[in-house]
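Per-entry structural report
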Amino acid sequence: MAYKIIHEQFWTDPKIKNLSLEYKFLFLYLITNPYSHSTGIYYIQKNIIALDTSIDRGIDRGIKELSDRGLISYDYEIEVIFIKNMLKHRSNNQIYNDKQIKGIVNHLKTLHNSILIKDFLEYYKDLNIPYNYTPIDRGIDRGIDRGIDTPPYIYSDIDSDIDSDKKGIVKGKQKKLK
């Protein structure tokens, strides 16, 4: 069994403090679930989230809310999530050795070339992770298929939040590491 560290500042962070109870629980689940990875980028299906949390109909709205607050990004096509700052908080800003960086690279290789790998590499560019990300054209008709596997009415108000170059990716505002 792995132990996950939750900093006490979690509860006083304005991005967290202003979330509804359901979305606080969802975010807490995303950073502590047994499928999570210390890097903060990992594969997880929405049905697993729903099963584990009993949040059935609110998963998509919760992902959107957490994305809007800049806490996460989710790739609906590949089912990969990127939790911003998770690597930073889990590591206490340690300096990574070559073996640890190699472990991160090996983990990224398991994520089916999700577009979020590029976001992860940009977010943690200070680590100089030697991973050559090459985007794959997945043949999505950008004019029709938004790459989201949920009913369109759920996202009728967020078309502007979906990056047109990264269909199926819901992203919040990003903040670069200092």
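Structural notes, computed from the coordinates. (Residues numbered from 1 in each chain as written. Predicted model: local features only at pLDDT ≥ 70, side-chain atom pairs only at ≥ 80, totals over all residues. Heavy atoms only, no water.)

Examining the overall build of the protein
In terms of regular secondary structure, the protein is built from seven helices and four strands. Moving toward the C terminus, one meets the helices and strands of the protein in the order α-α-β-α-α-β-β-α-α-α-β. Across the 178 residues that make up the protein, the buried fraction comes to 45%. Counting only contacts in the protein whose residues sit at least 6 apart along the sequence, the fraction spanning at least 24 positions is 64%. (Helix = DSSP H or I, 4+ residues; strand = E, 2+ residues; numbered from the N terminus. Buried < 20%, exposed > 50% of the residue type's maximum accessible area, 1.4 Å probe, protein only. Contact = heavy atoms within 4.5 Å.)

Focus: helix α4 (residues 59-68)
Within α4, seven of the ten residues are buried, which leaves the element mostly enclosed by the surrounding structure. The set of residues buried in α4 consists of I59, D60, G62, I63, K64, L66 and S67. Where α4 terminates, the next one or two residues include G70, which has phi positive at roughly 80°.

Some thoughts on the pattern of salt bridges
Side chains that differ in sign of charge can pair as their charged atoms come close. Under the criterion given, the structure shown has three salt bridges. A salt bridge links K64 to D68; the shortest N-O distance between them is 2.5 Å. Placement of both K64 and D68 in helix α4 is noted, with a separation of four residues, approximately one turn of the helix. What makes D68 partly exposed here is its relative accessible area of 30%. In this structure, R69 engages E65 in a salt bridge whose closest nitrogen and oxygen atoms are separated by 2.6 Å. On the basis of relative accessibility, which here comes to 25%, the residue R69 falls in the partly exposed class. (Salt bridge = Lys/Arg side-chain N within 4 Å of Asp/Glu carboxyl O.)

A closer look at the nonpolar core
Burial of nonpolar side chains together is a common tendency in soluble globular proteins. Counting residues in each nonpolar core, the largest one holds 24 residues, and the members touching the most others are F27, L30, L66, I72, I81 and I83. Of all the secondary structure elements, the ones that give two or more residues to this core are α2 (21-32), α3 (46-53), α4, β2 (72-75) and β3 (80-83). Of the residues forming this core, the biggest block, six residues, is contributed by α2. Excluding residues that lie within four positions of it along the chain, L30 makes contacts with S36, Y42, I49, L66, I72, I81 and I83. With 21 residues, the next largest nonpolar core counts I104, V105, Y123 and Y131 among its residues. (Core = buried A, V, L, I, M, F, W, Y, C linked by side-chain atoms within 4.5 Å.)

As for helix α6 (residues 98-108)
Burial in α6 covers these residues: I101, I104, V105, H107 and L108. Down the axis of α6, the buried set is contained in an arc of 160°. They therefore lie on one face. Residues of α6 that are exposed and point over 90 degrees away from its buried face: K99 and K102. Of the residues that open α6, the one with a side-chain oxygen 3.0 Å from the backbone nitrogen of K99 is N97. (Arc of directions from axis to C-beta. Polar contact = N/O pair within 3.5 Å; in protein donor to acceptor, adjacent residues only side chain to side chain.)

Describing the pairing of β2
Going residue by residue along β2, you find I72 and Y74 tucked away on one face and S73 and D75 tucked away on the opposite face as well. In terms of strand pairing, β2 meets β3 through four bridges, oriented antiparallel. Looking at β3, one finds that Y74 is bridged to I81. Where β2 folds back on β3, the antiparallel hairpin that results is connected by four residues, among which E79 adopts a positive phi of roughly 65°. (Pairing = 2+ DSSP bridges.)

Observations concerning the side chain of S73
With respect to the helices and strands, the residue S73 is situated in strand β2. A polar side-chain atom of S73 sits 3.3 Å from a polar atom in the side chain of K84.

So, the packing of α2 against α4
Between α2 and α4, the least distance of the axes is 10 Å, while the angle of their chain directions is 80°. The angle between α2 and α4 places the two elements in the roughly perpendicular class. For the pair formed by α2 and α4, the contact residues are Y23, L26, F27 and L30 on the first element and I59, R61, G62, I63, E65 and L66 on the second. Taken together, the residues that form the contact of α2 with α4 break down as seven nonpolar, one polar and two charged. (Axes fitted to C-alpha atoms, helices over the stretch in contact; angles between N-to-C directions. Parallel < 35°, antiparallel > 145°, perpendicular 65-115°, else oblique. Nonpolar A, V, L, I, M, F, W, Y, C, P; charged D, E, K, R; others polar.)

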